Amino acid sequence: MLRTVSGVPPLTIRATRQHTIKEITFYGNEAGNVGIITANLFDKSAIINNSRIGISGQLVLNDTVVLFASDYIEVDPRTIYSTNNAIGGQWDIRACEYDENKNYIRTLTDTAVNTFTTGNTTRYIRFTHSKSVLNDLMLTCGTLPDEYEPFGYKIVMNIDGEAETRQLMIYTPFPLMTPNDYLTVYPDIKKAILNSSGQSADISDMQIWDQLFLLYPGANIIFFTDAISPGKVNIRHQSS
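Residues numbered from 1 in each chain as written. Predicted model: local features only at pLDDT ≥ 70, side-chain atom pairs only at ≥ 80, totals over all residues. Heavy atoms only, no water.

Undergrad: Please explain the side chain of T128 as it appears in this structure.
TA: Mapped onto the elements, T128 comes out in strand β13 (residues 124-130). Here the side chain of T128 touches I53 through a polar contact of 2.6 Å, landing on its backbone nitrogen. Residues in contact with T128, not counting those within four places in the same chain, are S51, R52, I53, L67, F68, W91, D92, I93 and R94. (Helix = DSSP H or I, 4+ residues; strand = E, 2+ residues; numbered from the N terminus. Polar contact = N/O pair within 3.5 Å; in protein donor to acceptor, adjacent residues only side chain to side chain. Contact = heavy atoms within 4.5 Å.)

Structure follows, in structure tokens:
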């Protein structure tokens, strides 16, 4: 049987047997801030395909079929950053630093590194990398998170009352800013739709689909521990 539950978080559902979440819709709130910024600074939607960063920091267009060039990524000077796919001085993973006016300063490093410290006047970096790492590449300030996070925002959903508390991360490229904005996730068909400021977009590629959208007997769902909470949540779930 397919059931629908709707309400203002924190919202509790008592599952009498194992249920599968078929659809979740999150709505914005009056404060206009539903969504926590993710750790990943790399926006894969802003890359320049088939291009690379040259030896003097310039963009070399349509020079390769296996690489991409990142956009300018804003960073802080004298700060440690990490990546899960090494960048450096070689042509196919070249990374460069730029000042506040996006003027080239230097090549980041001569060797391939996963951790680096920006220079005294660095405000941007950009890099070249292989298309093969596009969907799992992360660049973060400080240490990397334990699991991949896409660039953008996340809504943290807790499922409590099982052997331990479980968290699901729901991703969106920008926060839900008004009560009319919403994000709908369809886990079983791996689809996600965002409607914000009157515009709709398919953002299925942002979701992490190996998460278990399941409710077990006795489970309580949805308990938001963060102050940033949706104004309303609709959940459609089906017993197994």
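Undergrad: Help me understand the pattern of salt bridges, please; the structure alone is not making it clear to me.
TA: Proximity of charged atoms lets side chains of opposite charge pair with each other. Evaluated as defined, the whole model comprises seven salt bridges. A salt bridge links E23 to R236; its shortest N-O distance comes to 3.5 Å. Taken together, the residues span a long stretch of sequence, with E23 in strand β2 (residues 19-27) and R236 in strand β22 (residues 232-239) at a distance of 213 residues. Taking relative accessible area as the criterion, E23 reaches 18% and is therefore assigned buried. The shortest N-O distance in the salt bridge between E97 and R106 comes to 2.6 Å. Classification of E97 by relative accessible area gives buried; the value is 0%. On the accessibility criterion, R106 (35% relative accessible area) is partly exposed. (Salt bridge = Lys/Arg side-chain N within 4 Å of Asp/Glu carboxyl O. Buried < 20%, exposed > 50% of the residue type's maximum accessible area, 1.4 Å probe, protein only.)

Undergrad: Sorry if this is basic, but what is going on with the sheet that holds strand β9 (residues 80-87) here?
TA: The strand order across the open sheet built from three strands is β12-β9-β14, with neighbouring strands paired in antiparallel fashion. Every other strand in the sheet has two partners, leaving β12 (113-117) and β14 (139-141) as the edge strands with one partner each. Strand-to-strand, the axes of this sheet are offset by a mean angle of 20°, without reference to chain direction. Here four bridges tie β9 to β12, and the two strands are oriented antiparallel to one another. Across the sheet, residue I87 finds its bridge partner in β12, namely V113. (Pairing = 2+ DSSP bridges. Axes fitted to C-alpha atoms, helices over the stretch in contact; angles between N-to-C directions.)

Undergrad: So what exactly am I meant to see when it comes to the packing of aromatic side chains here?
TA: Here the distance between the centres and the angle between the planes together describe a pair of aromatic rings. Under the definition given, this model contains seven aromatic pairs. Between the aromatic rings of Y72 and Y98, the centroid separation amounts to 5.1 Å while the plane-to-plane angle is 80°, which identifies the pairing as edge-to-face. Within this pair, whereas Y72 is found in the loop between β7 (67-69) and β8 (73-74), its partner Y98 is found in strand β10 (residues 95-98), the two being separated by 26 residues in sequence. A relative accessible area of 25% means that Y72 is categorised as partly exposed. Clustering of aromatic rings is evident, with ring pairs tying together Y72, Y98, Y104 and Y124. Taking the ring centre of Y124 as reference, the NZ or CZ of K102 above it sits at 5.2 Å. The aromatic ring of Y27 is capped on one face by K232, whose charged end is 4.7 Å from the ring centroid. (Phe/Tyr/Trp six-rings, centres within 6.5 Å; stacked < 30°, edge-to-face > 60°. Lys NZ or Arg CZ within 6 Å of the ring centre and 35° of its normal.)

Undergrad: Help me understand the side chain of H129 in this model?
TA: Tracing the sequence through the fold places H129 in strand β13. Of note is the side chain of H129, whose polar atom sits 2.9 Å from the backbone oxygen of A86. Aside from chain neighbours lying at most four places away, what touches H129 is V66, L67, F68, N85, A86, I87, D92, I93 and L137.

Undergrad: How should the pairing of β9 be read in this particular structure?
TA: On a regular strand, one side chain projects to one face of the sheet and the next to the other, so that they alternate. The pairing of β9 with β14 spans three bridges and is antiparallel. Bridge pairing in β14 places Y81 opposite C141.

Undergrad: Can you walk me through the environment of T172 in this structure?
TA: Within the secondary structure, T172 is located in strand β16 (residues 166-172). Residue classification places T172 among the buried residues on the basis of a relative accessible area of 0%. Separated by 19 residues in the primary sequence, T172 and Y153 have C-alpha atoms spaced 5.3 Å apart. Sequence-distant contacts of T172, defined by excluding residues within four places in its chain, comprise G152, Y153, L183, L194, I203 and M206. A polar contact of 2.8 Å, which involves the side chain of T172, links it to the backbone oxygen of F174.

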